[in-house]
Amino acid sequence: MAQGEVRSGSAAAPRGVDVARQAGVSQKTVSRVFNGERYVSEDVRRRVLEAAEELGYRLNSAARALASGRTHSIGVVTLGTALYGPASLLIGIERAARDAGYALRVANTLEGDPGGIAGAVEHLLEQGVDGIVVSEPIDEGAVSLSVDVPVLVLGSPAPFAGPRTVSAGVGAELPAREATRHLLGLGHRVVHHLAGPQRWFAARDRLAGWRAALAERGRDQPPVIEGDWSAASGYAAGHELASDRDVTAVFAANDDMAIGLIRALTEAGLRVPEDVSVIGFDDTPVSAYVTPPLTTVRQPFDAVARDGLRLLVHAIEEPDTELPPAHDPPVELVLRASTAPPPQHRPQTTD
C-alpha cells in the first residue's frame, strides 16, 4: 500500500490504513480513490477525500506511480514567450491539468530552433509523463520523432506521430472571418489586413479568415501588411495605411498591433472610428482602456484548455475506449468604440 506524507511535518505521518479506518472503507478502496480508478461511488470517494483532508494525508506521488503505472503528470511543449496568446493558453492548461489531478511539466522551445520541439519532447518523455500537450504556435517543420504516450495538439497540425493524437480548437480562421464580416456589415467596401508573422499558425488562420470573408462578399483583397505582433509594427503599418485615402477599415491580427496602428492614424490627423475603423484580436486586458476602446475578438483560452485536457486525460486513462466529441470554442466579438460605419469623405492626412 502506498505511504502518505503529512502536510505540516508531523513526526507520525498518517497512512492509507488510517484514512481507510476514518472513512470506514478498505485500504483497497482508498487506493482506488487516489489512483483515480473507476467504479468507486461518489459517496465513497467523498468520504475518503474528507478523511484524508482531516488527517492531513497526501498520497506520495512516487508510490502512486508504482501502484498505477502512471506518474499523473503531463508535459507541455510551448514557445518560451510572454506574448498574450501563448502565455494565456499555458495558464489555462496548468489550471485544467491541476483540476484533473495532474502535475504539469513545461519544456520551452525557442523560435527558429528546428530541433527545439524534438528536444523538448525527449526531455519530457525522460521524466515519465503520461501525456504531452503541444502548444507550439510556430511552424518549424515536421519533427522526426515518435512518442508512446497520448498527445494533445492545440492550434496547429500534429508535428509528430503518437499512439493517440487529440486535437482541440484554438483555430482563428472563423473568428477572423467574423471580425472582417463585422466591418463589412457596417458598410465598409474594403477591409485591409495587418497580419501577424506568417510562420505562426495563428497568423495564417487569421489571414485565411479575412480572405474568406472578403471572397464570400465578392470584395477585392488589398495588399497585406505583415507585422510581428508588436505595437511598434502596428505603428509602422499605421503610417503606411494613413497615406491611402481609400482605407476606411483595418482588421489587425492582434490587439497590440491594433493599438500601435491607432496611434499612427491619430498622429496623421485621422479619427478612429470616424475616419478609419480598427478591430483587433485577443481581447487583451488593456484593449478596453485605450482611446478609443478597442473592438476585438475574445479568445476562449480557458475553454480550449479545459476541453483539450478533458480529451487528453480520457486518452490516458481509458486508452481502449472511443474519445468523446470535442467542443467547438465559441466565437465572441467584443464590440467597443473603435468601429463604426465608413465616412462619406476621408480627410487629408498630415505629414
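*Asks:* Give a description of the sheet that holds strand S8 (residues 192–195) that names residues and reports values.
*Replies:* Read across the open sheet, the 4 strands follow the order S9-S8-S10-S11; overall the sheet is parallel. Bordering the open sheet on either side are strand S9 (225–226) and strand S11 (277–279), each of which pairs with just one other strand. Alignment of S8 against strand S10 (residues 249–252), held across 3 bridges, turns out to be parallel. Pairing of Leu194 across the sheet is with Ala252, part of S10. The strands that helix H7 (residues 173–185) touches are S10 and S11; relative to S10, the one it contacts most, it runs at about 165°. Packed onto the sheet, helix H10 (residues 255–267) meets S8, S10 and S11 and runs at close to 165° relative to S11.

*Asks:* Quick rundown of helix H1 (residues 16–23)? Include the residues and the values.
*Replies:* Of all the residues in H1, the buried ones are Gly16, Val17, Val19, Ala20 and Ala23. One side of H1 carries all its buried residues, which in axial view fall inside an arc of 160°. Looking one or two places after H1, you find Gly24, whose phi comes out positive at around 75°.

*Asks:* Quick rundown of the nonpolar core? Include the residues and the values.
*Replies:* With 26 residues, the main nonpolar core has Leu194, Val250, Leu265, Val276 and Val278 as its most contacted residues. Mapped by element, the contributors of at least two residues to this core are helix H9 (231–242), S10 and H10. Here this core gets 5 residues from one element, more than from any other, and that element is H10. Aside from chain neighbours lying at most four places away, what touches Leu265 is Gly238, Ala242, Leu270, Val272, Val276 and Val278. Counting 21 residues, the second-largest nonpolar core is a separate cluster that includes Leu89, Tyr102, Leu152 and Val313.

*Asks:* Account for the packing of aromatic side chains, naming residues and giving values.
*Replies:* Geometry of an aromatic ring pair is reported as the spacing of the ring centres plus the angle between the planes. Within the structure shown, the criterion is met by 3 aromatic pairs. Between Tyr84 and Phe301, the aromatic rings sit 5.9 Å apart at their centres with planes inclined by 75°, giving edge-to-face as the arrangement. Taken together, the positions of Tyr84 in helix H5 (residues 84–99) and Phe301 in helix H11 (residues 301–317) put the pair 217 residues apart, joining distant regions of the chain. Assessed through its relative accessible area of 31%, Tyr84 is described here as partly exposed. Where Trp200 meets Trp229, the ring centres are 5.7 Å apart and the plane angle is 75°; that geometry is what we call edge-to-face. In this pair, Trp200 is assigned in the loop between S8 and helix H8 (201–216) and Trp229 in the loop between S9 and H9, connecting sequence segments 29 residues apart. Owing to a relative accessible area of 6%, Trp200 belongs among the buried residues under this scheme.

*Asks:* Now, about the side chain of His193: what can you tell me, with residues and values included?
*Replies:* Among the structural elements, His193 can be located in strand S8. Look at His193 and you get buried, because its relative accessible area is 2%. Side-chain polar atoms of His193 contact the backbone oxygen of Phe251, separated by 2.8 Å. Residues in contact with His193, not counting those within four places in the same chain, are Arg206, Leu207, Trp210, Val224, Ile225, Phe251 and Ala253.

*Asks:* An account of the pairing of strand S5 (residues 131–135) is needed here, citing residue identities and associated values.
*Replies:* Most of S5 is tucked away: 5 of the 5 residues are buried. Taking every second residue as pointing to the same face, both faces of S5 are buried, with Gly131, Val133 and Ser135 on one and Ile132 and Val134 on the other. The pairing of strand S3 (residues 73–79) with S5 spans 5 bridges and is parallel. Following the sheet pairing, Thr78 is matched in S5 by Ser135. For S5 and strand S6 (residues 151–154), the ladder comprises 3 bridges, and the chain directions are parallel.

About the thresholds
- Residues numbered from 1 in each chain as written.
- Predicted model: local features only at pLDDT ≥ 70, side-chain atom pairs only at ≥ 80, totals over all residues.
- Heavy atoms only, no water.
- Pairing = 2+ DSSP bridges.
- Helix = DSSP H or I, 4+ residues; strand = E, 2+ residues; numbered from the N terminus.
- Contact = heavy atoms within 4.5 Å.
- Axes fitted to C-alpha atoms, helices over the stretch in contact; angles between N-to-C directions.
- Buried < 20%, exposed > 50% of the residue type's maximum accessible area, 1.4 Å probe, protein only.
- Arc of directions from axis to C-beta.
- Core = buried A, V, L, I, M, F, W, Y, C linked by side-chain atoms within 4.5 Å.
- Phe/Tyr/Trp six-rings, centres within 6.5 Å; stacked < 30°, edge-to-face > 60°.
- Polar contact = N/O pair within 3.5 Å; in protein donor to acceptor, adjacent residues only side chain to side chain.

That's the geometry; what it means functionally is another story.
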